[in-house]
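Observations on the model geometry
Each chain, written out:
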Amino acid sequence: MEMLVDLHTHTLASGHAYSTVTENALAASRRGLRLMGMTDHGPSMPGAPHLFHFENLTIIPDQLFGVKIMPGVEANIINPEGELDMPLKYLETLSLILVGLHPICYPGGTCEENTQAYIKAMLNPYTDIMVHPGRPDFEMDLEKIAYASALLNVPLEVNNSSLSTIQEKAAARKNCKSIARYMAKYRSPVILGSDAHYCDRVGEFSEAIELVQEAGIAGQDILNTSLERVLDYLAARRIRRKDIKPSMLMHRLSIA
Ligand SMILES: [Zn+2]
Ligand SMILES: [Zn+2]
């Protein structure tokens, strides 16, 4: 499987990542990637950049070492309503908005509350991609999440770092396998993300590829095997930002 895009990478600006955007882009180029997201953590993560970091991202070159750079954020869900830690003004200017749950930013609640928070964040018209749904920190109804992702056409990430570097690796693998099977069942849009916190991890997808193949996810359902597919999806998402009315969609989310 040839991977051309890694939308989930962190730089020094995240406070607990250790490479610059230039080092990340060089690593991406060496791996043959065509597009890289620069998605440092949203401001509620300890050590994360302040809002002016996001405002100033316009100075980052459009391309580095032949790799297109897409400035964005990994925004944090901060409550059961699925609200994000980024003011609208900033969401409007960023090219790429990844959204995820992190215990240090929001401790979470019951399985039902966590599932609701995650799906409500998916309904946010500014959300582009939902990251690491398989992390074991938050109990969620993974079938419902995969179903919502398919219905709303919001991609779920299969996060390579969850499978390779976090401490609860066995639990993460079990959860990731489980949601990947539901993603295959409902044909949810899928994206693989390295979640690199050091440059040598950029574009590293081996564990994620193995997992999606085991789950029977088809190549054409994986966005980042094609640069065009990623760019087309994000462009369509920009148009839909204007049309989506979350309240109109909520009633369709129960699984029969
Ligand atoms: Zn991080
Ligand atoms: Zn994350």
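Residues numbered from 1 in each chain as written. Chains lettered and ligands numbered in written order. Predicted model: local features only at pLDDT ≥ 70, side-chain atom pairs only at ≥ 80, totals over all residues. Heavy atoms only, no water.

1. Here's the deal with the coordination of the zinc ion (ligand 2)
- Looking at the metal site, the zinc ion (ligand 2) is ligated by Glu74 (OE), His102 (NE2) and His132 (NE2), spaced 1.9 to 2.2 Å from it.
- We note that the donor set of the zinc ion (ligand 2) lies within a single chain, spaced as E-x27-H-x29-H.
- Here the zinc ion (ligand 1) and the zinc ion (ligand 2) are spaced 5.4 Å from one another. On the criterion of sequence distance, the pair formed by glutamate 74 in strand β4 (residues 67–76) and histidine 132 in the loop between β6 (129–130) and α5 (142–152) is long-range, its members being 58 residues apart.
- Classification of glutamate 74 as buried rests on a relative accessible area of 1%. (Donors = N, O, S within 2.8 Å, 3.2 Å for Na, K, Ca; no water. Helix = DSSP H or I, 4+ residues; strand = E, 2+ residues; numbered from the N terminus. Buried < 20%, exposed > 50% of the residue type's maximum accessible area, 1.4 Å probe, protein only.)

2. Observations concerning α5
- Along α5, the residues classified as buried are Leu142, Glu143, Ile145, Ala146, Ala148, Ser149 and Leu152.
- In the segment just after α5, asparagine 153 is the residue with positive phi, at about 55°.

3. A few points about the packing of helix α7 (residues 169–186) against helix α8 (residues 206–215)
- In the contact formed by α7 and α8, the axes pass within 9 Å of each other and the chain directions differ by 50°. By the angle between their directions, the pair α7 and α8 is classed as oblique. Note that α7 runs across α8; the crossing there is right-handed. Mapping the contact onto sequence places Arg173, Cys176, Lys177, Ala180, Arg181 and Ala184 in α7 and Glu207, Leu211, Glu214 and Ala215 in α8.
- Looking at the contact of α7 with α8 residue by residue, the class counts come to 5 nonpolar, no polar and 5 charged. (Axes fitted to C-alpha atoms, helices over the stretch in contact; angles between N-to-C directions. Parallel < 35°, antiparallel > 145°, perpendicular 65-115°, else oblique. Left-handed = near helix turned anticlockwise from the far one by under 90°. Contact = heavy atoms within 4.5 Å. Nonpolar A, V, L, I, M, F, W, Y, C, P; charged D, E, K, R; others polar.)

4. Side note on the coordination of the zinc ion (ligand 1)
- Taken together, the protein ligands of the zinc ion (ligand 1) are His16 (NE2), His41 (NE2) and His197 (NE2), with distances of 2.0 to 2.1 Å.
- Donor residues for the zinc ion (ligand 1) sit on one chain with the sequence pattern H-x24-H-x155-H.
- You can call histidine 41 buried: its relative accessible area is 3%.

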